[in-house]
Amino acid sequence: MRRVLVVCSGGLGTSVILKVELKKIFKEWNIPVYIEQSDVSAVGFSNAEMIIGAKQIISSLPSQQSVALIPLTYIADSAHIRNTLLENDALREWLDDV
Amino acid sequence: MLTIRQREMLNDLINNNHYISMTSFTDRYDLSLRSIRQDLISLEEWLLHSNIELDRHRKHGARLVLSDLEKKDLLERLESEPIFLSGSNRKRHMILMILQGDSDASSMEKKFDVSHNTMQNDISELKRFTASDYCLKLSRSKGKLQFFGEEINIRRLFIDTLLDLFEEEKLMNLFVTFKMEETEIELIWNRYFRFIDEKEIVQVIQGIETELNVEYTGSSLYHLFIVLVVQFSRMFYSHFLPPEWLNKKEKLLDTSEYEAIEKNLKAYVVKSLSCFLPKSEVAFSTLYFISAKKKYDSLKGDIKFLELAERLVFAFEKKGKVKLSNKPKIIEGLALHLKPAFHRMKYGLQIENALLDELKKDYEEYILIVEEIILAEFKGVFESIDEHEIGFLTIHLCSGIENRVSTPKKKVAIVCSSGIGTSSLLESSLRRKFPQASVHGVYSVNKVRSLTKENTDVILSTVSLMNVDVPWLKVSPFLNDFETSKIQELLGVSQMEEKNEVDVINTVKQVHELVKKHAVVENESKMFRELYHYFKGTTQPSKGNITSLSHPSCILLAQQRSSWEKVMVELNECLVQLNKTTPVYADELIDYITNQDHHFLIAEGIVFPHLSSDQVIESGFSMMTCDPPILFGPNEDRVWWVILLAAKNPHDHLPAVELLIDAVNKPTITNKLKIESQTSVIWEWLREREGGVE
């Protein structure tokens with residue numbers, strides 16, 4: 001089971017949307033995931049392997065080893081999200097494992 | 001027309017020759033003397049039609065002195081008396097009448113004392129319901145209503161109807177005293193099942209128990225009783241299961257249950273129903289007896305299930321990285337659950353898990369783990385397991401999780417201006433609400449520098465801090481709700497009260513039973529859910545429909561605007577009018593967008609501004625489409641659609657927002673929205689998609 005964290009500034013709006021969209025995508029790709037959502041302040045407490053969010057939020061996070069950070073330009077644009085995910089190495093590995 | 005209570009009182013009076021005191025009535029129904037007197041007056045009137053007088057005594061109460069003939073007449077009249085029933089119970093009775101062949105619609109009108117229209121409505125509702133839930137067609141043939149469809153489906157409907165009509169508790173007396181003591185049940189019994197001797201059914205079940213050397217649990221006995229009632233009455237009217245029904249169920253014939261059932265059933269069927277007993281019928285009861293729950297002792301022989309339960313528990317601990325407390329108890333409980341669960345899965349009997357939605361919300365992580373374990377390690381063991389069954393397994397397994405969060409204890413430091421005083425108050429509030437956090441010390445402001453990310457996860461401070469690396473939060477010593485929820489976010493753990501899931505469920509069950517004992521519950525699973533929310537201390541399930549989140553006045557289309565700030569103020573004003581936000585919310589948003597590199601541009605040309613803010617009173621949204629597009633924020637992005645969201649929590653607005661975002665990804669919809677200027681068109685579109693009806 002992969003663990004993904006979705007972040008936004010308040011943990012209420014964009015991360016909620018993103019979570020819904022990501023659930024759909026990961027299911028399609030057959031990757032078993034547990035998706036958490038939270039605001040920026042709780043990122044340090046998460047044991048997620050991948051953090052996804054709007055680029056402005058992601059860039060404010062301290063860089064962390066062993067955690068893949070995926071910044072998005074448009075968090076509600078399904079095609080854009082898919083393309084960005086597929087460009088990420090960690091995610092491609094996940095896909096290879098399936 | 002008599003009420004159920006009056007009926008019961010009358011029944012008592014008919015069956016007792018001596019006086020029944022007023023106080024025994026008031027005690028029994030917990031009513032005032034006046035109400036009881038009123039009831040007796042109604043009874044006197046009713047009795048007058050049969051020329052019988054109620055003998056009332058100032059001191060002793062009331063009695064009926066009747067000859068055998070009068071008694072018989074009265075009982076007969078009482079039976080043909082219209083039944084005063086609630087809408088849902090009336091439909092249940094209609095199902096029984098149709099099933100038992102007493103189904104001429106006009107005589108039903110009379111029996112229930114309802115208008116022709118009501119009856120027609122009831123019938124069409126029944127038609128819909130039985131077609132969708134039981135694949136049965138209800139239609140008229142020779143003036144009589146009849147169900148058409150597979151016999152097994154008719155029986156399912158029959159069983160479910162009786163389960164609804166007979167309460168477990170009221171029926172259970174039968175197994176103890178062999179007597180129908182509840183008037184309510186007796187009335188139904190006399191009306192529809194006169195040809196069956198209820199005592200004999202109890203004897204059949206007990207005979208099977210003896211034969212198999214098992215003891216069934218109370219609720220299984222109740223269930224089995226009803227199954228046999230249904231089976232016997234179908235057979236009585238010569239409706240048998242076709243031999244083809246047995247196809248692929250041949251295995252049933254080899255079970256020890258089959259043999260015991262055949263032996264016990266045959267004697268009864270031949271003697272009392274005077275018909276023969278085909279194999280398919282024995283198999284039908286076998287199906288239910290196998291999946292009935294036995295009392296714990298009878299599990300001892302079933303090592304298989306204990307082993308399986310043990311494997312499940314260990315796999316769950318490993319995969320979920322949790323340590324379960326009280327493991328032997330969980331394994332026992334799970335094994336007890338697994339046995340009937342297996343039979344359910346094998347024969348495709350589905351039971352609904354009323355808590356599934358709640359579980360999904362709070363324990364989604366563990367549900368996924370259980371699902372994963374089963375797919376990976378128990379393939380072939382669980383055939384066709386569905387999400388309801390997975391939910392049950394999860395409940396059993398999670399009952400042993402003490403700390404829901406598997407992460408190690410959070411290290412919290414407390415800071416206050418002097419280092420003493422209020423800090424101890426804060427410390428005890430914290431310990432009470434978050435026992436999983438460990439307070440490693442109380443510090444004064446000038447000692448804060450010694451706190452680093454290595455030794456501290458969170459600082460809670462009663463004063464404002466500057467230049468600290470560790471996440472910190474300013475709080476009051478009492479920790480109000482808002483602060484509590486903030487700490488919860490910061491620590492990533494939930495507060496104490498939310499953890500004892502099993503306790504909550506047990507409390508809910510008890511209250512649920514108590515309520516059911518004293519009142520007719522219209523929608524049990526809904527009540528169960530709401531009780532659960534109440535005891536869990538969470539808010540009601542989200543309303544979530546568009547009408548509660550927005551209003552046509554909040555949908556502004558094809559607007560010409562020059563400044564994005566004005567758009568924000570205007571959209572917020574719509575929400576202020578609905579009492580969802582304060583005017584300050586717009587200022588906060590404008591401020592944020594101006595000063596921060598905002599991330600609200602969620603797709604090209606579409607912004608979705610929102611903040612977590614005290615200025616939000618209730619969840620809601622408003623929106624505007626701009627023609628021509630406006631230049632939004634410091635980056636001057638060209639924007640044609642602004643959706644302003646006010647969110648109080650992460651769930652209420654979800655359905656509406658999901659819908660809007662879905663629209664963002666569908667060019668056909670966005671293109672339409674770009675040119676649409678009629679608010680009503682968009683409003684209707686939203687409502688239709690969501691199925692909301694005002």
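Predicted model, so just to flag it, every value in this text is computed and none were measured.

**What to know about the overall build of chain B**
Scanning chain B from N- to C-terminus turns up 28 helices and 13 strands. Looking at chain B residue by residue over its 694 residues, the buried ones come to 30%. Long-range pairs, those at least 24 residues apart, make up 69% of the contacts in chain B between residues at least 6 apart in sequence.

**Overview of the overall build of chain A**
Helix and strand counts for chain A come out as four helices and four strands. The helix and strand sequence of chain A, counted from the amino end, reads β-α-β-β-α-β-α-α. Here chain A, with 98 residues, has 41% of them falling under the buried criterion. Put simply, of all contacts in chain A between residues at least 6 apart along the chain, 53% involve residues at least 24 apart.

**Re the sheet that holds strand β7 (residues 458-461) of chain B**
Strand pairing in a sheet is mediated by backbone hydrogen bonds. Such pairs are either parallel or antiparallel. All names here are of chain B. Strands sit in the order β6-β5-β7-β8 across an open sheet of four strands; the sheet is parallel. Of all the strands in the sheet, the pair left with one neighbour each is β6 (437-444) and β8 (472-474). Between one strand axis and the next, the sheet turns by 25° as a mean value, whatever way the strands run. Inspection of the sheet shows strand β5 (residues 410-416) paired to β6 by seven bridges, in the parallel sense. Across the sheet, the residue bridging to Ala-413 is Gly-441, located in β6.

**With respect to the packing of helix α1 (residues 4-15) of chain B against helix α3 (residues 33-48) of chain B**
All names here are of chain B. Relative to each other, α1 and α3 sit at 70°, their axes nearing to 10 Å. Classified by the angle between their axes, α1 and α3 sit roughly perpendicular to one another. Contacts between α1 and α3 involve Arg-5, Gln-6, Met-9 and Leu-10 from the first element and Asp-39, Ser-42 and Leu-43 from the second. Here the residues of the contact of α1 with α3 sort into three nonpolar, two polar and two charged.

**With respect to the interface of chain B and chain A**
Interfaces are often sized by the amount of accessible area the parts lose when they come together. Tallying the contact residues gives 30 residues for chain B and 27 residues for chain A. Counting only elements with at least two residues in the side of chain B that touches chain A, the list comes to α17 (356-377), α20 (481-491), β10 (601-603) and α26 (654-664) of chain B. Top element by residues in the side of chain B that touches chain A is α26 of chain B. It accounts for five residues. Of the residues belonging to the side of chain B that touches chain A, the class tally is 17 nonpolar, seven polar and six charged.

**Notes on the nonpolar core**
In this structure, Val-4 of chain A together with Ile-602, Val-607, Met-623, Val-639, Val-642 and Ile-643 of chain B are the most contacted members of the largest nonpolar core, which totals 73 residues. When sequence neighbours within four positions are dropped, the list of residues in contact with Val-639 of chain B reads Gly-605, Ile-606, Val-607, Cys-626, Pro-629, Ile-630 and Phe-632 of chain B. Among the nonpolar cores identified, the runner-up in size contains 50 residues, and Leu-99, Ile-154, Ile-208 and Ala-283 of chain B belong to it.

**Re the sheet that holds strand β13 (residues 637-646) of chain B**
Residue and element names in this part refer to chain B. Taken together, five strands build an open sheet; the order of strands is β9-β12-β13-β11-β10 and the sheet is mixed. Each edge of the sheet is formed by a strand with only one pairing partner; in this case those strands are β9 (555-559) and β10. Across two bridges, the pairing between strand β11 (residues 606-607) and β13 is parallel. Residue pairing for β13: Val-607 is matched across the bridge by Val-642. Against the sheet, helix α24 (residues 564-577) contacts β12 (620-632) and β13, and its axis sits at roughly 160° relative to β12.

**Some points on the packing of helix α5 (residues 87-99) of chain B against helix α7 (residues 116-134) of chain B**
When two helices pack together, their arrangement is given by the angle between their axes and by how far apart the axes lie. All names here are of chain B. Where α5 meets α7, the closest approach of the two axes is 11 Å, and the angle between their N-to-C directions is 75°. Between α5 and α7, the angle is such that the two are roughly perpendicular. Within the contact between the two elements, α5 uses Arg-90, Lys-91, Met-94 and Ile-95 and α7 uses Asp-122, Glu-125 and Leu-126. A per-class count over the contact of α5 with α7 returns three nonpolar, no polar and four charged.

**Points about the pairing of strand β4 (residues 144-148) of chain B**
Residues and elements named next belong to chain B. Alternating positions in β4 separate cleanly, Leu-145 and Phe-147 being buried on one face and Lys-144, Gln-146 and Phe-148 remaining unburied on the opposite face. The pairing of strand β3 (residues 137-141) with β4 spans five bridges and is classified as antiparallel. Bridge pairing links Ser-139 to Gln-146 in β4. Connecting β3 to the antiparallel partner β4 that follows it, the hairpin turn spans two residues, and Lys-142 within it adopts a positive phi of roughly 50°.

**Notes on unusual backbone geometry**
As a rule of thumb, non-glycine residues mostly have phi less than zero, and peptide bonds are mostly trans rather than cis. All names here are of chain B. Each neighbour pair has its own omega, and for Asp-627 with Pro-628 the value is 0°, a cis peptide bond. As for its placement among the helices and strands, Pro-628 is situated in strand β12. Phi is positive for Lys-248, which is not a glycine, with a value near 70°.

**As for the environment of Ser-42 of chain B**
Residue and element names in this part refer to chain B. With respect to the helices and strands, Ser-42 occurs in helix α3. C-beta crowding within 10 Å serves as the criterion here: with 17 such atoms nearby, Ser-42 is assigned to the partly exposed category. For the pair Ser-42 and Thr-3, spaced 39 residues apart in the sequence, the C-alpha separation amounts to 9.6 Å. Excluding residues that lie within four positions of it along the chain, Ser-42 makes contacts with Leu-2 and Gln-6.

**Overview of the confidence of the model for chain A**
Per-chain confidence: chain A averages 83 in pLDDT, with 91% of residues scoring 70 or above. Mean pLDDT values over the elements of chain A span from 81, in strand β2 (residues 33-39) of chain A, up to 90, in helix α3 (residues 78-86) of chain A.

**Comments concerning the confidence of the model for chain B**
Residue and element names in this part refer to chain B. Here chain B averages 81 in pLDDT, and 90% of its residues register 70 or above. No element of chain B has a lower mean pLDDT than helix α19 (residues 422-433), which averages 71, and none a higher one than α24, which averages 93. For the stretch residues 403-407, pLDDT sits under 50, and the model shows eleven contacts to residues farther than four places along the chain or on other chains.

**Comments concerning the environment of Ala-646 of chain B**
Within the secondary structure, Ala-646 of chain B is located in strand β13. In this structure the C-alpha to C-alpha distance between Ala-646 of chain B and His-610 of chain B, which are 36 residues apart in sequence, comes to 6.0 Å.

**What to know about helix α15 (residues 303-320) of chain B**
Residues that lie three or four places apart on an α-helix share one face, since the helix turns once every 3.6 residues. Residue and element names in this part refer to chain B. Helix length check: α15, at 18 residues, gives a terminal C-alpha distance of 25 Å against a target of 26 Å (1.5 Å per residue), a fit within 8%. Here α15 has its buried residues at Phe-305, Leu-308, Ala-309, Leu-312, Phe-316 and Gly-320. Buried positions in α15, seen along its axis, are confined to an arc of 100° and lie on one side of it. Summarising the geometry of α15, the exposed residues directed more than 90 degrees from the buried face are Ile-303, Glu-307 and Lys-318. If you follow the buried residues of α15, they end up packed against α16 (327-346), α17 and α18 (387-398). One or two positions beyond α15, positive phi appears at Lys-321, with a value near 50°.

**Quick notes on the environment of Trp-46 of chain B**
All names here are of chain B. Within the secondary structure, Trp-46 sits in helix α3. By the C-beta count within 10 Å, which is 20 here, Trp-46 ends up buried. With 44 residues separating them along the chain, Trp-46 and Leu-2 place their C-alpha atoms 8.2 Å apart.

Procedures and definitions
Residues numbered from 1 in each chain as written. Chains lettered and ligands numbered in written order. Predicted model: local features only at pLDDT ≥ 70, side-chain atom pairs only at ≥ 80, totals over all residues. Helix = DSSP H or I, 4+ residues; strand = E, 2+ residues; numbered from the N terminus. Buried ≥ 20, exposed ≤ 12 C-beta atoms within 10 Å, placed from the backbone. Contact = placed C-beta atoms within 7 Å. Pairing = 2+ DSSP bridges. Axes fitted to C-alpha atoms, helices over the stretch in contact; angles between N-to-C directions. Parallel < 35°, antiparallel > 145°, perpendicular 65-115°, else oblique. Nonpolar A, V, L, I, M, F, W, Y, C, P; charged D, E, K, R; others polar. Core = buried A, V, L, I, M, F, W, Y, C linked by C-beta atoms within 7 Å. pLDDT = per-residue confidence, 0-100. Expected span 1.5 Å × (residues − 1). Arc of directions from axis to C-beta.

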